[in-house]
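Survey of secondary and tertiary structure
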Amino acid sequence: MVGPTASLSPLVRADGSASYQCPSTGSNILGSVNAPVELPGRRDALKPEDATVEVFVKPGTAPASVGERYVEGIIRGVVGRLILGRERGYQRRGVVITLAIVGGENVSRGDSYLTLLPALLHTALLALLSASVPLSMTFSATVLSVDAAGKITREPSAEDAAAAKSLHVLAFSSKGHLLLNESQGAFDFDTWERVRERASAICHGTSVGEDGDVAMVESADGQPLEGTIRETVEDQVHRDYSWKIDAA
Amino acid sequence: MNKEAPLSISERDFILNALREDVRLDGRAADQLRPLNVTFGEEYGHVKVQLGRTSLIVRISAEVTKPHDDRPFDGLFTIAMELTAMGSPAWDNGRQGDLETYVTNVLDRVVRHSNALDTESLCIVKGVSCWSIRADVHITDYDGNLIDAACIGIMAGLQHFRRQDAVVKDGQVIVYGLDERVPVALNITHKPLSITFHTFDEGKKVILDATRKEEQASEADVVIGLNNAGDVCFMSKFSGSGVDAMVFVDKTSVALEKVKEINAIIDKALQADLSKRAKTGMLEESRAENDRQPELEV
């Protein structure tokens, strides 16, 4: 499987930005982060000792509605815990994350946003990194669908997702901890456990079997996502500091 | 907030004094556009416009809906533009500012009210179903002259977009997928574009395609919307100080020249994209001049 393609800082005005293309769903997402910014007129919402995280998801070809508000809440929950809002200069300020779906299929009204959620999460993370917002850790996320026969599909297309029995989005921190678990549909604990193992393998490249054996599954799922995210940032840093590296 | 940080007094004076000596910060002549680049994405109606450092993405989409009761023969066409914090840190997400209302209004008048898109051709069944065309404008970078950039994007998008074919059979509407039948281009009656001028020194200095800083230093703006044939379909002097009537007369001919120039750039980009698609798609096979297999009746 081909990994996602991403680039950092394509925009000029925003403090940090990222463009992200997910090869399986074909969606192209542009994210921007402005931080730290003043948020006047929202004094009651601001926390005196912490940064306020705002997430805005803008669909490509439709007005924003309930589905976007719902997914904004999930992203705010994940990202809000990673941002070190108590750092100098961030208290009482806002971290404004804007994610626009600028290419590929749109989520139609009333459909599940879970297929797009990992792409949105990755874009938000890369934009935050591009804006140099202090973070406690990075993460990687994936979406898996389980069909009636119990077969797990990684990053299903819209049709696959609609036919699936259950959909699961899992995010793992850079240390391997489970950060997010969003599921939809009917499933049992055994199924979820298999999904978690597969997701962990996709994100980190290793899966631990029941007997404690660590199996390398890189061949089946390609490069682990964690590595892809890391490499994108590494490439950018390498380019940004090329003047320094060349001089040394 | 919804307001850019104001220019400092010295910065404003610098821009003004330079303009009095016929010099612009980026070295352009008064009637010169910034470099314009129009590119198309994978799907139909996906346009990326780069005008200097202002950039935006326009996406055109179509869906079948019910027409308005008072206009049963007309399809729907909406232009949706929402300024988000992506374009400029000064814009608030989910709050409509003055700029958004103003730009949306001008775009509506130039593109929609001038009937650039023939809405009657969008009718499928009278009073029952019609196509609803939606143009979404995503501002990715804002550095002045939002109106002209958005107008270029929307017009290029409408010309690039292909909607699915719909057929009425025995009172039933059948919509064929993009790979089932050759998608249909929209019916464009004319190609209007807006050209924005900004005035300084009580209308004595007039410049075209101002950057964000020049916009902030200016006294007033004049928007002229016209098509290739020189038909003026929109003219506005919205706010600010007065402008001499001769400015409108003089600048309309400048605007016409620019509209022709921009439309030529759009046409060139469209042709290049079309020939690229011809290599990969079914364009040659689906030409109207080719022999048709008579449709088999069951």
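Further up the page is the structure itself.
Predicted model, so just to flag it, every value in this text is computed and none were measured. Note on numbering: residues in each chain are counted from 1, in written sequence order. Throughout, the order in which chains and ligands are written sets their labels, letters from A for the former and numbers from 1 for the latter. Given that the model is predicted, a residue must reach a pLDDT of at least 70 before its local features are reported, and side-chain atom pairs must reach 80 or more before they are shown or counted; all residues, however, enter totals for whole chains, interfaces and linings.

Remarks on the interface of chain A and chain B
For clarity, the cut-off: We call two residues in contact whenever the C-beta atoms placed from their backbones are within 7 Å. Here a helix means four or more residues in a row that DSSP labels H or I, a strand means two or more in a row labelled E, and each is numbered from the N terminus.
Of the residues lining the interface, 20 residues belong to chain A; the matching set on chain B comes to 24 residues. Elements that contribute at least two residues to the side of chain A that touches chain B include exactly strand E3 (28-37), strand E4 (52-58) and strand E5 (94-103) of chain A. In terms of residues, the side of chain A that touches chain B owes the most to one element, E5(A), which gives five residues.

Considering the packing of helix H3 (residues 146-160) of chain B against helix H5 (residues 245-280) of chain B
Residues and elements named next belong to chain B. Note the cut-off: To get an axis, a line is fitted to the C-alpha atoms, and for a helix only the part in contact is used. The angle between two axes follows their N-to-C directions and goes from 0 to 180 degrees. In this scheme the crossing of two helices becomes right-handed for a clockwise turn of the near helix relative to the far one and left-handed for an anticlockwise turn of less than a right angle. Ten residues, namely Ala, Val, Leu, Ile, Met, Phe, Trp, Tyr, Cys and Pro, are considered nonpolar, four, namely Asp, Glu, Lys and Arg, are considered charged, and the remaining ones, Gly among them, are considered polar.
Interaxial distance between H3 and H5 falls to 11 Å at its minimum, and their mutual angle equals 35°. With respect to the hand of their crossing, H3 and H5 are arranged in right-handed fashion. Within the contact between the two elements, H3 uses Ile152, Met155, Ala156, Gln159 and His160 and H5 uses Ile262, Ile266, Leu270 and Asp273. Split by residue class, the contact of H3 with H5 holds six nonpolar, two polar and one charged.

A look at the packing of helix H2 (residues 98-112) of chain B against H3(B)
Residues and elements named next belong to chain B. Basically, it comes down to this: Note on angle classes: values under 35 degrees are labelled roughly parallel, values over 145 roughly antiparallel, values of 65 to 115 roughly perpendicular, and the remainder oblique.
Contact geometry of H2 with H3 gives a least axis separation of 10 Å together with a crossing angle of 45°. Comparing their axes, H3 and H2 come out oblique. For the crossing formed where H2 meets H3, the hand is right-handed. On the side of H2, the interface is formed by Val103, Val106, Leu107, Val110 and Val111, while H3 contributes Leu146, Ile147, Ala150, Cys151, Ile154 and Met155. Here the residues of the contact of H2 with H3 are counted per class, giving 11 nonpolar, no polar and no charged.

Let's talk about the nonpolar core
Note the cut-off: Think of a nonpolar core as buried Ala, Val, Leu, Ile, Met, Phe, Trp, Tyr and Cys residues, each tied to the set through C-beta atoms within 7 Å. Three exposure classes are used, based on other C-beta atoms lying within 10 Å of a residue's own C-beta, which is placed from the backbone: buried for 20 or more, exposed for 12 or fewer, and partly exposed in between.
By size, the foremost hydrophobic cluster in this structure holds 127 residues, and its most contacted members are Leu120(A), Leu107(B), Ala150(B) and Ile154(B). Every residue in contact with Ala150(B), bar those within four places of it in the chain, is listed here: Leu56(B), Met81(B), Val103(B), Leu107(B) and Val137(B).

Topic: the sheet that holds E4(A)
The strands making up a sheet are joined through hydrogen bonds of the backbone, oriented either antiparallel or parallel. Residues and elements named next belong to chain A. Here is the rule: Two strands pair if DSSP finds at least two bridges between them.
As summarised here, the arrangement of the five strands in space is E1-E2-E3-E5-E4, forming an open sheet in which the pairing is mixed. Each end of this open sheet is capped by a strand with a single partner; those strands are strand E1 (5-8) and E4. Ignoring strand direction, the axes of neighbouring strands in this sheet form an average angle of 15°. Of the pairings in the sheet, the one linking strand E2 (residues 16-21) to E3 comprises six bridges and is antiparallel in character. The partner of Gln21 across the bridge, within E3, is Asn28.

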